[in-house]
Amino acid sequence: MNNNLFESFNNGSLRLPAKTIQFADIAWSKHPSFEGVELKHIVTAEDTDGQFSYHLVR
């Protein structure tokens, strides 16, 4: 895996019309079913009325 690419995403941002989400400000969460997998919840189903979600996975 290219760690430079991963770190670029991990420290990146998502720019939306109403706000900018800084990925570095989001804590890693353990996946509830898969041991050793962690997620950063960038955009959640709550943000999109259940239409989609967007996560960084490690």
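As a reminder, the structure under discussion sits directly above these lines.
An account of the accompanying structure is given in this report. (Residues numbered from 1 in each chain as written. Predicted model: local features only at pLDDT ≥ 70, side-chain atom pairs only at ≥ 80, totals over all residues. Heavy atoms only, no water.)

### As for the sheet that holds strand 5 (residues 54-57)
So the rule is basically this: Paired strands, as defined in this entry, are two strands with at least two bridges between them according to DSSP. Going along the chain from the N terminus, every DSSP run of H or I of four or more residues is numbered as a helix, and every run of E of two or more is numbered as a strand.
Within the open sheet, the three strands sit side by side as 3-4-5. Their pairing is antiparallel. Taken across any chain shown, the strands that pair with only one partner, and hence form the sheet edges, are strand 3 (29-30) and strand 5. In this structure, strand 4 (residues 38-43) lies alongside strand 5, joined through four bridges in antiparallel fashion. Across the sheet, the residue bridging to L39 is V57, located in strand 5.

### Description of the environment of W28
Heads up, the rule is: Any two residues whose heavy atoms approach within 4.5 Å are treated as being in contact.
If you trace the backbone, W28 turns up in the loop between strand 2 (20-22) and strand 3. C-alpha separation for the pair W28 and N3, spaced 25 residues apart in sequence, amounts to 17 Å. Leaving out residues up to four positions away in the same chain, W28 has contacts with F6, N10, E38, L39, K40, L56, V57 and R58.

### Some details on unusual backbone geometry
Which entries qualify depends on this criterion: Relative accessible area decides the class of each residue, using a 1.4 Å probe on protein chains only: under 20% of the type maximum gives buried, over 50% gives exposed, and in between gives partly exposed.
If you check the backbone angles, D49 has positive phi at about 55° while not being a glycine. Its location among the elements puts D49 in the loop between strand 4 and strand 5. Residue classification places D49 among the exposed positions, given a relative accessible area of 73%.

### Some points on the side chain of N10
To be explicit about the condition: Under this definition, polar contacts are N or O atom pairs within 3.5 Å; protein pairs additionally need one hydrogen-donor-capable and one acceptor-capable atom, and for neighbouring residues in sequence, both atoms have to be side-chain atoms.
Along the chain, the position of N10 falls in helix 1 (residues 3-10). Within the local environment of N10, its side chain forms a polar contact with the side chain of K40, the two groups lying 2.8 Å apart. Not counting residues up to four positions away in its chain, the partners in contact with N10 are F23, A24, W28, K40 and L56.

### Side note on the packing of aromatic side chains
To keep it simple, the criterion reads: The aromatic pairing rule takes the rings of Phe, Tyr and Trp, using the six-membered ring of Trp, and pairs them if the centres are within 6.5 Å, calling planes under 30 degrees apart stacked, those over 60 edge-to-face and the rest tilted. Lysine and arginine charges are scored as sitting over a ring when NZ or CZ, respectively, is within 6 Å of the ring centre and within 35 degrees of the ring normal.
Applying the stated criterion to the full structure yields two aromatic pairs. Aromatic side chains F6 and W28 sit 6.1 Å apart centroid to centroid with 15° between the ring planes, which places their arrangement in the stacked category. Highlighted residues: F6 in helix 1 and W28 in the loop between strand 2 and strand 3, separated in sequence by 22 residues. Judged by its relative accessible area of 12%, F6 falls in the buried class. Positioned above the aromatic ring of W28 is the side chain of R58, whose terminal nitrogen or guanidinium carbon lies 4.1 Å from the ring centre.

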